[in-house]
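What follows is each chain in one-letter form.
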Amino acid sequence: PKKEKKKPQKKKGKQPQKKKQESEMSESELRQVRLAKVETMKDAGVEPYEYTYQPTHKAAELQALYEGKLEGGEEDEDSDVAVAGRIMLRRGF
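The text that follows walks through the structure, step by step, so that each part is easy to find. The structure displayed is predicted, hence computed values, not measured ones.

## Describing the overall build of the protein
On a plain count of helices and strands, the protein comes out with two helices and zero strands. Across the 93 residues in the protein, those meeting the buried criterion constitute 5%. Accessible area for the protein stands at about 10,500 Å²; split by element, carbon and sulfur atoms hold 50% of it.

Following this line, the structure appears as structure tokens:
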């Protein structure tokens, strides 16, 4: 007698879920996915929010450098400077 080969039966139960597109996700799901990506990058040694800024002068240095050389409101368009700090007060004239 011939033996019948049994076909492997598919497991019943949960079907693998298809990956949702970002446009189909709720805000909280999207946030969780993005935070997971950030953690993956950190684990790989990559800084996800890397930012560098190199100031060339301090405000006091610029003040001393240009003291008496420019009129109020005049700009030195040939200079290339970068400064960092907080704006404590801004007066518009």
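## Remarks on a negative patch on the surface
A contiguous patch of negative charge, built from E71, E74, E75, D76, E77 and D78, is present on the exposed surface. Tracing the sequence through the fold places E71 in the segment after helix 2 (59–66).

## Concerning the environment of E74
Relative to the helices and strands, E74 resides in the segment after helix 2. Residue E74 is classed as partly exposed on the basis of its relative accessible area of 44%. At 2.9 Å, the side chain of E74 and the backbone nitrogen of E71 are in polar contact.

## Focus: helix 1 (residues 27–43)
Under the 1.5 Å per step criterion, the end-to-end length of helix 1 is 24 Å for 17 residues, consistent within 8% with the ideal 24 Å. Looking one or two residues beyond helix 1, the residue adopting positive phi is G45, at roughly 85°.

Rules of the game
Throughout, residues of each chain are indexed from 1 in the direction in which the sequence is written. Side-chain atom pairs in this predicted model are given and counted only at pLDDT of 80 or more, local residue features only at pLDDT of at least 70, and totals for whole chains, interfaces and linings cover all residues. For side-chain calculations, the full set of non-hydrogen atoms in the structure is used, while hydrogens and water are omitted. Numbering goes from the N terminus for both helices and strands, where a helix is a DSSP run of H or I of at least four residues and a strand is a run of E of at least two. Buried means the residue's accessible area, taken with a 1.4 Å probe over protein chains only, is under 20% of the maximum for its type, while exposed means over 50%, and partly exposed covers the values in between. All accessible areas in this document rest on Shrake-Rupley with a 1.4 Å probe, and a residue is counted as covered only by the protein chains that are shown. Two joining distances apply to patches: 9 Å for like charges and 5 Å for nonpolar side chains (Val, Leu, Ile, Met, Phe, Trp, Tyr), and every residue must have over 30% relative accessible area and no salt bridge. Put simply, a salt bridge is a Lys or Arg side-chain nitrogen that is within 4 Å of an Asp or Glu carboxyl oxygen. The positive count covers Lys and Arg only, the negative count covers Asp and Glu only, and His and the chain ends enter neither. Think of each charge as sitting on NZ of Lys, CZ of Arg, CG of Asp or CD of Glu. In the analysis that follows, any N or O atom pair within 3.5 Å is treated as a polar contact, provided that within protein one partner can donate a hydrogen and the other can accept it, and provided that, for residues neighboring in sequence, both atoms belong to side chains. In this analysis, the expected span of each helix is defined as 1.5 Å times one less than the number of residues it contains.

The quantities given are spatial measurements derived from coordinates; they are silent on function.
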